[in-house]
Amino acid sequence: MRCANDCTVYCKFCDKVDDNETRFYLSLQMMKDNDPITMKDIARALGVSVATVSRALKDSPRISEERREAIKAYAREHNFSPNVLAESLRHSRVHPTRIIGVIMPQINHFYFSSILSGIEAEASARGYQLMLAQSDERYEREVRICQSFYENKVCGIIVSQAKDTVKYDHFLRLIDSGVPLVFFDRICTGINSSRVVVDDYMGALTAVNYLIDSGCRRVAFYGSTMNLEISKNRYNGYRDALARHHLPADERYMRYCDNRTDAEAITPELLSMPDRPDGFFAVNDDTAIGILYTAKRMGLRIPDDVSICGFTNGERAIACDPMLTTVEQRGMMVGEEAADILISKVEGSIPQEKVVKRVVRTRLIVRGTTR
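None of the values given here were measured: they were computed from a predicted structure.

1. Digging into helix H2 (residues 39-46)
Every buried residue belonging to H2 is among Met39, Ile42, Ala43 and Ala45, and all of these are buried. Viewed along the axis of H2, the buried residues span an arc of 165°, placing them on a single side of the element. Positive phi appears at Gly47, one or two residues downstream of H2, with a value of about 70°.

Quick look at the structure:
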């Protein structure tokens, strides 16, 4: 049987294929083709519309069960893989996509990667996928990412702000445009938005209390920039622990330092002081490990001469010698909670305008760098 334009196989002038011989021919052609087949290819091969294929693959009751199964069987046989992103971007914001935008300051940091694992686990379990971007700790890049996510019509954004972010207009524009926004770890204090954080204050307070209770009397503090709420909270926990034990907060022992390279550069100065610190509390594990190896190179015994505590409990904490005492942040749980809030807002179980704040408790993991 020939088509309306007298073609025995499908041609560009035809919308429909009517005979089995032609369908078989098209099937062979697609199997030989290295390019993945599309819904349009399936529609041509089976003599149906693209809309019918799309509805059948989504189990729409508008398509008969027999036809649905035939279309899905053909799709499986030819390894059809839907382009989820392309399909979702065709929808308007009135019908949200199931793509969540995630902005990380640094993806290679253990804590952020563990949070990402938590976000992905929760999102996947609820039928969502992620669009991930790294700000690389740069405000300008963070602004561009927010704009890109908005243009790509993500259903919402989960973000930890960059270190040098002090203006929040890009976040406010997203909220004003109806895009759900959830902060984690580094929250934006200038915006009353939903957030998930760990109890940084209590984590620091517990850690420094432990250092003091185990015999330290001159505890140094290595922290990050004070425009970040987590840095303020950890610093306040450190100061309050000293106050509880009636110890002075000596500014000679306080440094802006949040990475191993800087820790190895500045620690020799402190350890060369006549009244050197006998304990260190660092804002993260990498900084603590920099202190550890500097102290060892200077011939000091850990923890007999110097005790050291970090904050993260990443893989490196058990890869150093001695293993690091540290505050566990439970990044996986932070990610799961952030994704739960965002998806609940997208799906309406949490009102869009409601601000949800969740705190994940920390715990001190005592190992070999403390007495």
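Picking up after the structure, the text goes on.
2. Let's talk about the packing of aromatic side chains
The relation between two aromatic rings is expressed through the spacing of the ring centres and the mutual angle of the planes. Per the stated rule, a full pass over the model turns up nine aromatic pairs. Centre to centre, the rings of Phe171 and Phe183 are 5.0 Å apart; their planes meet at 85°, and the pair counts as edge-to-face. Of the two residues, Phe171 is situated in helix H8 (residues 169-176) and Phe183 in strand E4 (residues 181-184); the sequence distance between them amounts to 12 residues. Three or more aromatic residues joined by ring pairs make a cluster, and in this case those are Phe221, Tyr235, Tyr238, Phe281 and Phe311. Sitting above the plane of the Tyr128 ring, Arg98 keeps its charged end 4.2 Å from the centroid. Here the basic side chain of Arg234 rests over the ring of Phe311, its NZ or CZ set 3.8 Å away from the ring centre.

3. Quick word on the nonpolar core
One broad trend across soluble globular proteins is that nonpolar side chains are buried collectively. Of all hydrophobic cores here, the largest spans 25 residues; its most connected members are Ile100, Met104, Ile115, Ile119, Ile158, Phe184 and Val334. Where this core is concerned, the elements lending two or more residues are strand E1 (99-104), helix H6 (110-125), E4, strand E5 (194-198) and helix H13 (331-347). Among all residues touching Val334, those that are not within four sequence positions of it are Tyr111, Ile115, Phe184, Val196, Val198, Gln329 and Val360. In terms of nonpolar packing, the next biggest core, distinct from the first, is built from 22 residues, Leu270, Phe280, Leu300 and Cys320 among them.

4. Quick word on the layout of surface pockets
Considered as a void within the structure, the largest pocket measures approximately 560 Å³ in volume. Taken together, 26 residues line the largest pocket, and the ones lying closest to its centre are Gln106, His109, Asp258, Asn284 and Asp286. Sorting the residues of the lining of the largest pocket by element identifies H6, helix H10 (229-244), helix H12 (285-297) and strand E9 (307-312) as the ones contributing at least two each. Broken down by element, the residue count for the lining of the largest pocket peaks at three residues, all from H6.

5. A look at the pairing of strand E2 (residues 129-134)
As judged from the six bridges shared by E1 and E2, these two strands associate in the parallel manner. The residue of E2 that forms the bridge with Ile103 is Ala133.

6. Some thoughts on the side chain of Glu137
Tracing the chain through its elements places Glu137 in the loop between E2 and helix H7 (139-151). At 2.6 Å, the side chain of Glu137 and the side chain of Arg186 are in polar contact. Apart from residues lying up to four places away in sequence, Glu137 is in contact with Pro105, Gln106, Ala162, Lys163, Asp164 and Arg186.

7. Things to note about empty space enclosed by the protein
Under the counting rule described, the total for this entry stands at two cavities of 30 Å³ or more. Taken as a whole, the largest cavity spans an internal volume of roughly 50 Å³. Lining the largest cavity, in full, are Gln161, Tyr168, Ile187, Cys188, Thr189, Asn227, Leu228, Glu229 and Lys232. In terms of residue class, the lining of the largest cavity is built from four nonpolar, three polar and two charged.

8. Some thoughts on the pattern of salt bridges
Inspection of every chain in the model, using the stated rule, returns 21 salt bridges. Note that Asp305 is salt-bridged to Arg301, the shortest N-O span being 3.1 Å.

9. Things to note about the sheet that holds strand E7 (residues 254-256)
Taken in spatial order, the six strands of this open sheet run E7-E6-E8-E9-E10-E12, and their pairing is mixed. Of all the strands in the sheet, just E7 and strand E12 (363-365) have a single pairing partner and so form its edges. Shown here is a sheet whose adjacent strand axes are inclined to one another by a mean of 20°, direction ignored. Pairing geometry for strand E6 (residues 219-223) and E7, over three bridges, is parallel. By the bridge assignment for E7, Gly223 is matched with Tyr256. Sheet strands in contact with H10 are E6, E7, strand E8 (279-282) and E9, and its direction is about 170° off that of E6.

10. Considering the pairing of E9
Taking burial as the measure, the six residues of E9 include six buried ones, the bulk of the element. Burial of E9 is two-sided: the residues Ser307, Cys309 and Phe311 facing one way and the residues Ile308, Gly310 and Thr312 facing the other way are all buried. Pairing geometry for E8 and E9, over three bridges, is parallel. Pairing of Phe281 across the sheet is with Cys309, part of E9. One crossover worth recording links E8 to the parallel E9 by way of H12, and it is right-handed. Strand direction decides the pairing type here: E9 and strand E10 (residues 325-328), joined by four bridges, are parallel.

Definitions and cut-offs
Residues numbered from 1 in each chain as written. Predicted model: local features only at pLDDT ≥ 70, side-chain atom pairs only at ≥ 80, totals over all residues. Heavy atoms only, no water. Buried < 20%, exposed > 50% of the residue type's maximum accessible area, 1.4 Å probe, protein only. Helix = DSSP H or I, 4+ residues; strand = E, 2+ residues; numbered from the N terminus. Arc of directions from axis to C-beta. Phe/Tyr/Trp six-rings, centres within 6.5 Å; stacked < 30°, edge-to-face > 60°. Lys NZ or Arg CZ within 6 Å of the ring centre and 35° of its normal. Core = buried A, V, L, I, M, F, W, Y, C linked by side-chain atoms within 4.5 Å. Contact = heavy atoms within 4.5 Å. 1 Å grid on protein atoms, 1.4 Å probe; cavity = no way out; pocket = protein on both sides within 12 Å on 5 of 7 lines; lining within 4 Å. Points joined across faces, edges and corners; volume = space filled by probe spheres on them. Pairing = 2+ DSSP bridges. Polar contact = N/O pair within 3.5 Å; in protein donor to acceptor, adjacent residues only side chain to side chain. Nonpolar A, V, L, I, M, F, W, Y, C, P; charged D, E, K, R; others polar. Salt bridge = Lys/Arg side-chain N within 4 Å of Asp/Glu carboxyl O. Axes fitted to C-alpha atoms, helices over the stretch in contact; angles between N-to-C directions. Right-handed = clockwise from strand over helix to strand, strands pointing away.

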